[in-house]
Amino acid sequence: MDLKDKISIVTGGGTGIGKAITEKLAREGSRVMICSRNLEHLEKTARDINDQVGEEKVFPLQADINNKEDVEKSVEEVIKKWGDLHILVNNAGKSGRVPLLGGKDEEWLDILDTNLNGMYFFSKAALRVMKDNAGGRIINISSVLGKFGVSGYTAYSASKHGVIGFSSALALEVAPRGITVNSICPGWVETQMAEKGINETATALGMNPEEFKKTQISEIPIKRFINPEEVADLVLFLVGEDARAITGQAISICGGVTQ
Amino acid sequence: MVLKDKVIIVTGGGRGIGKYIARRMCEQGAKVVICSRNERNLEKTRKDFEKQSNLEALIVRADITLKDQVKTVIDKTLEKWGKIDGLVNNAGTGGMNPITWADDGQWFAILETNLHGLYFMTKAVLGAMKKGENGRIINIASHLSKTSFPCYTAYCTAEHAILGFTRSLAKEVAKDGITVNAICAGLIDTDFAKKRTHEMADQLGLPQRDYTQNVINAVPIKRLIDPLEVGSLAVYLASDQAQAVTGQAIDINGGILVP
């Protein structure tokens, strides 16, 4: 796939799934701005990928995606630097087990803010600069928890269901501009965020994390976690020219867990 | 060449979506077997493929609703290429069958091709597919697998049923490294879709041309989908990169049906 002339933004592009997406986009030729609060992660990821591809493809930018000004500045930076924007991957997200009664309101607000407002601010800012009929793509990383719930995860599940609702409605709004909007719903992916989830839930259930992970794997039809690279490959398909008729969809990559 | 040397059978590959799926797969290095019961369509496909020297396909005339002919397809495939990696169940028929019609022929014809044919082919292919070798079953379904249209009970029944089959089988064969997915195609630019649209216009008592334009206007992306776009989605699902995508029903419909 040739993404040589494409300009992308990947939020939360410094680690986990976001890093894998950034790497694949850059390898296919796209220039990618990655942003998050953690500049250290971003700089390391940018260095690693730029070294691999032998070109300055990835540009790190510190930004708080919950902050509208930060988000608008980030998009302005991209336009200043590269003059255009084609692909936005709203990947930055926050998880966490927050039981409804025991949990703090701040945790609910933080998860909802990061997973929904960040996506909203970025989409709005990006849609102001994306050109019509130029292959614009917005891809929002939801979760299988965007399609079902898990005990203790009301905040995360609500936010990820919200991502799907946002994507399908926005898809219809921008279809006349030739821009597609889709969400991807990964199951358990081998990332630090998943590891944290495993530990939290195992502790809550009074189980050993390794044991809990085994029971989770046994419930996945393909009997393994997903690799971040597999999610990135689905992103690559969706940004491609031939995926221009796929819009408003929520595609699961979950080893058969959710249907 | 993400499908290099993969042997993939495409049913109903003599025209329409099937033919274009076969073409996209050949372009990606697959060895494609095209079967259809229509000799004339197959002959035309043979000539089209011969014109492009890089496209290699084995063409087999067969009626997949007949078990012995299904066996012929499998035998000829194994004889020529020694293995089967994938099956695209694309053969299907459609059309109106108002419940008030005295004749039951349409009901039986649709269920026979769209369900029994798919069942026979899948069963036979799974018998020949090696375990743990990235086997792929891709069922071509429709947006009418998820919604409905008046006077299409047979087609809606069959297309919904394909999703039930897909989801259940995905769980059954996941342990063998085989994925099973459906593609829910919206309004594709084929003769088949044209005929359906004209039929619906007649049913509603509207001029065919006006009705076709109305239909296109109702698609958020304001156009019919190119069958090659469906072909590219099938290529992605057949590739090793999509190993964790199983049991899904992925919509390619220009936004006419979103979650």
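Calculation rules
Residues numbered from 1 in each chain as written. Chains lettered and ligands numbered in written order. Predicted model: local features only at pLDDT ≥ 70, side-chain atom pairs only at ≥ 80, totals over all residues. Helix = DSSP H or I, 4+ residues; strand = E, 2+ residues; numbered from the N terminus. Buried ≥ 20, exposed ≤ 12 C-beta atoms within 10 Å, placed from the backbone. Contact = placed C-beta atoms within 7 Å. Pairing = 2+ DSSP bridges. Right-handed = clockwise from strand over helix to strand, strands pointing away. Expected span 1.5 Å × (residues − 1). Bend = angle between axes of the 7 residues up to and from the residue. Axes fitted to C-alpha atoms, helices over the stretch in contact; angles between N-to-C directions. Domains from an automatic or database assignment. Nonpolar A, V, L, I, M, F, W, Y, C, P; charged D, E, K, R; others polar.

S.K.: Just to check I follow, could you spell out the overall build of chain B for this structure?
M.R.: A count of helices and strands for chain B gives 8 helices and 7 strands. Overall, the C-alpha framework of chain B stretches about 55 × 40 × 35 Å when taken along its three principal axes. The buried share among the 259 residues of chain B stands at 50%. Within chain B, residue pairs in contact and separated by at least 24 positions form 74% of the contacts whose partners lie at least 6 positions apart.

S.K.: What is the right way to read the pairing of strand S6 (residues 180-186) of chain A from this model?
M.R.: Each regular strand displays side chains that alternate between the two surfaces of the sheet. Residues and elements named next belong to chain A. Counting buried positions along S6 gives 7 out of 7 residues, so the element sits mostly inside the fold. The two faces of S6 match: Thr-180, Asn-182, Ile-184 and Pro-186 on one face and Val-181, Ser-183 and Cys-185 on the other face are all buried. Relative to S6, strand S5 (residues 137-141) runs parallel, the two sharing 5 bridges. Among the inter-strand pairings, Arg-137 is bridged to a residue of S6, identified as Thr-180. For the segment spanning S5, helix H5 (residues 154-174) and S6, crossover handedness is right-handed.

S.K.: Looking at this structure, I do not really get helix H4 (residues 105-129) of chain A. What am I missing?
M.R.: Residues three or four positions apart in an α-helix share a direction because the helix packs 3.6 residues into each turn. All names here are of chain A. In this model, H4 (25 residues) spans 35 Å end to end at C-alpha, consistent with the 36 Å of a helix rising 1.5 Å per residue. Within H4, the axis deviates most sharply at Asp-113, by approximately 35 degrees. For H4, every residue scored as buried is listed here: Ile-111, Thr-114, Asn-115, Leu-116, Gly-118, Met-119, Phe-121, Phe-122, Ser-123, Ala-125 and Ala-126. Looking at the buried side of H4, the elements it contacts are strand S1 (7-11), helix H3 (68-82), strand S4 (87-90), S5 and H5.

S.K.: Just to check I follow, could you spell out the sheet that holds strand S2 (residues 31-36) of chain A for this structure?
M.R.: Paired through their backbone hydrogen bonds, the strands of a sheet run either parallel or antiparallel. Residue and element names in this part refer to chain A. Spatial ordering of the open sheet is given by S3-S2-S1-S4-S5-S6-S7, a layout of 7 strands whose pairing is parallel. The sheet is open, and its two borders are formed by strand S3 (58-62) and strand S7 (250-253), each paired with just one other strand. Each strand of the sheet is rotated relative to its neighbour by a mean of 20 degrees, with strand direction disregarded. In this fold helix H1 (residues 16-27) packs onto S1, S2, S3, S4, S5 and S6, with an angle of close to 170 degrees to the strand it touches most, S1. With respect to the sheet, H3 is in contact with S1, S2 and S3, its orientation differing from that of S2 by roughly 155 degrees.

S.K.: Explanation requested: the domain arrangement of chain A in the structure shown.
M.R.: All names here are of chain A. By domain assignment, chain A separates into domain 1 (7-188 + 226-253) and domain 2 (191-225). Taking only C-alpha atoms into account, the centre of domain 1 sits 25 Å from that of domain 2. Between domain 1 and domain 2, the contact holds 10 residues from the first and 11 residues from the second. A breakdown of the residues in the side of domain 1 that touches domain 2 according to their chemical character gives 4 nonpolar, 5 polar and 1 charged.

S.K.: What exactly am I supposed to notice about the environment of Val-32 of chain A here?
M.R.: Residue and element names in this part refer to chain A. Summarising the element assignment, Val-32 is placed in strand S2. With 28 C-beta atoms packed within 10 Å, Val-32 lands in the buried category. Val-32 has contacts with Ser-8, Val-10, Gly-13, Thr-22, Leu-25, Ala-26, Lys-57 and Val-58, leaving out every residue within four places of it along the chain.

S.K.: What am I meant to see in the domain arrangement of chain B here?
M.R.: You'll often see interface size given as the accessible area lost when the parts meet. Residue and element names in this part refer to chain B. Considered domain by domain, chain B is made up of domain 1 (7-188 + 226-252) and domain 2 (190-224). Placing the centre of domain 1 and that of domain 2 at their C-alpha centroids yields a distance of 25 Å. Listed per partner, the contact involves 10 residues of domain 1 and 10 residues of domain 2. Its residues assigned to classes, the side of domain 1 that touches domain 2 shows 6 nonpolar, 3 polar and 1 charged.

S.K.: Please explain the interface of chain A and chain B as it appears in this structure.
M.R.: At the interface, 25 residues of chain A touch 26 residues of chain B. Going through the elements one at a time, H5, helix H8 (228-239) and S7 of chain A are the ones with two or more residues in the side of chain A that touches chain B. Class assignment for the residues of the side of chain A that touches chain B results in 13 nonpolar, 8 polar and 4 charged.

S.K.: How do you make sense of helix H6 (residues 191-204) of chain B when you look at a structure like this?
M.R.: Compared with the 20 Å implied by 1.5 Å per residue over 14 residues, the 20 Å span of H6 of chain B between its first and last C-alpha is a close match. Following H6 of chain B by one or two positions, Gly-205 of chain B adopts a phi angle in the positive range, close to 70 degrees.

S.K.: I would appreciate a short explanation of the environment of Lys-71 of chain B in the present structure.
M.R.: All names here are of chain B. The topology assignment puts Lys-71 in helix H3 (residues 67-81). For Lys-71, a count of 14 C-beta atoms within 10 Å translates into the label partly exposed. As for Lys-71 and Met-121, which are separated by 50 residues in sequence, their C-alpha atoms are 8.5 Å apart.

S.K.: When you look at unusual backbone geometry in this model, what are you seeing that I'm missing?
M.R.: With glycine set apart, most residues show a phi of negative sign, and most peptide bonds adopt trans. Residues and elements named next belong to chain B. The phi dihedral of Asp-5 falls on the positive side, at around 65 degrees, and the residue is not glycine. Within the secondary structure, Asp-5 is located in the segment before strand S1 (7-11). The backbone of Cys-151 shows a phi angle near 70 degrees, a positive value even though the residue is not glycine. Relative to the assigned elements, Cys-151 resides in the loop between strand S5 (136-142) and helix H5 (153-173).

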